[in-house]
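Breakdown of the fold
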Amino acid sequence: ETGVTQSPTHLIKTRGQQVTLRCSSQSGHNTVSWYQQALGQGPQFIFQYYREEENGRGNFPPRFSGLQFPNYSSELNVNALELDDSALYLCASTRSTPGQLIYEQYFGPGTRLTVT
Amino acid sequence: EDKVVQSPLSLVVHEGDTVTLNCSYEVTNFRSLLWYKQEKKAPTFLFMLTSSGIEKKSGRLSSILDKKELFSILNITATQTGDSAIYLCAVEVNAGKSTFGDGTTLTVKP
């Protein structure tokens, strides 16, 4: 158990719909990152939140957006769903400090999204 | 563009064998290299490497990093069927932002 939780576990949506995925970080972690993992591939970085602000973004369109809350939990929102959005969505939490100490990154169990 | 390449893509061995998984990388900013084991869903953290030449060990697993040649290896000795999984290598380029390889699928047969 990593202490990182995600909900829901599975989700089926129709093309064009919108979806919200949720993540609760490990205690003491102030940074959350979201990844998309398509079948047979490694996770692809979507974006990261640090202290409620987006702090880096991968090569994903603006219809992928997120939020981080004061308790460091987070949401990933995807609008106008496309078939290619079908994937496992992972969130990962870590600690970021001004001193640039490096901490491990722990993943949640993921949400399996299927778009039909 | 940051890139992490793992080899081999897949590997089939028998229980008791020793395996070596490879990870090479080209990134603009290196903070750490991470190894994960992925069985069903979430990648499970194995090792974080930041310094060259220092071996990290956990039971039958060990890993080492070469920052000059830009690669890392993950060794598993005396493999067991429970070691069957996808092994992911990632390079952390900023805190919490990692570039992943596509993984090595290891199958250990009884």
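We now turn to the structure provided with this report. The structure presented is a predicted model; accordingly, all values stated were derived computationally and were not measured. (Residues numbered from 1 in each chain as written. Chains lettered and ligands numbered in written order. Predicted model: local features only at pLDDT ≥ 70, side-chain atom pairs only at ≥ 80, totals over all residues. Heavy atoms only, no water.)

1. Focus on the state of the cysteines
Between two cysteines, a covalent bond joining their sulfur atoms is known as a disulfide. Residues and elements named next belong to chain A. According to the stated counting rule, one finds two disulfides over all chains in the structure shown. A sulfur-sulfur distance of 1.9 Å marks the disulfide that ties cysteine 23 to cysteine 91. Torsion about the S-S bond of the cysteine 23 and cysteine 91 cystine: about 70°, corresponding to right-handed handedness. Within this pair, whereas cysteine 23 is found in strand S3 (residues 19-24), its partner cysteine 91 is found in strand S9 (residues 87-94), the two being separated by 68 residues in sequence. (Disulfide = S-S within 2.5 Å. Helix = DSSP H or I, 4+ residues; strand = E, 2+ residues; numbered from the N terminus.)

2. A few points about the interface of chain B and chain A
If you look at the interface, chain B gives 19 residues, while chain A gives 27 residues. Where chain B abuts chain A, roughly 1800 Å² becomes buried across the two surfaces, and 55% of that area is made up of carbon and sulfur atoms. Scanning the region where chain B abuts chain A turns up zero salt bridges. Summed over the shared surface of chain B and chain A, the number is four residue pairs in polar contact (both at pLDDT 80 or more). Among the residues making up the side of chain B that touches chain A, the classes are represented as eight nonpolar, six polar and five charged. (Contact = heavy atoms within 4.5 Å. Buried area = accessible area lost by both parts, 1.4 Å probe. Salt bridge = Lys/Arg side-chain N within 4 Å of Asp/Glu carboxyl O. Polar contact = N/O pair within 3.5 Å; in protein donor to acceptor, adjacent residues only side chain to side chain. Nonpolar A, V, L, I, M, F, W, Y, C, P; charged D, E, K, R; others polar.)

3. Digging into the layout of surface pockets
Volume-wise, the largest pocket comes out at about 400 Å³. Around the largest pocket sit 15 residues that line it, and Gln44 and Phe45 of chain A together with Glu1, Asp2 and Thr99 of chain B are the ones nearest its centre. Every element with two or more residues in the lining of the largest pocket is listed here: strand S5 (44-50) of chain A together with strand S1 (3-7) and strand S10 (97-100) of chain B. For the lining of the largest pocket, the element with the highest residue contribution is S10 of chain B, accounting for four residues. Of the residues belonging to the lining of the largest pocket, the class tally is five nonpolar, six polar and four charged. The volume enclosed by the second largest pocket comes to roughly 260 Å³. Along the walls of the second largest pocket sit 17 residues, with Gln37, Gly40 and Gln41 of chain A together with Gln38 and Ile86 of chain B positioned nearest its centre. Residues of the lining of the second largest pocket, tallied by class, amount to six nonpolar, six polar and five charged. (1 Å grid on protein atoms, 1.4 Å probe; cavity = no way out; pocket = protein on both sides within 12 Å on 5 of 7 lines; lining within 4 Å. Points joined across faces, edges and corners; volume = space filled by probe spheres on them.)

4. Brief notes about the nonpolar core
Core analysis: the biggest nonpolar cluster contains 21 residues, and Leu33, Trp35, Tyr87 and Leu106 of chain B have the highest contact counts within it. Mapped onto this core, the elements with two or more residues apiece are strand S3 (19-26), strand S4 (32-38), strand S5 (44-49), strand S7 (61-66), strand S8 (71-76), strand S9 (85-94) and strand S11 (104-109) of chain B. Looking at this core, the element that brings in the most residues is S9 of chain B, giving five residues. With residues up to four places along the chain from it excluded, the contact list for tyrosine 87 of chain B reads Gln6, Leu21, Tyr36, Lys37, Leu46, Leu74, Ile76, Gly103, Thr104 and Leu106 of chain B. Counting 20 residues, the second largest nonpolar core, distinct from the first, contains Ile46, Tyr49, Phe60 and Cys91 of chain A. (Core = buried A, V, L, I, M, F, W, Y, C linked by side-chain atoms within 4.5 Å. Buried < 20%, exposed > 50% of the residue type's maximum accessible area, 1.4 Å probe, protein only.)

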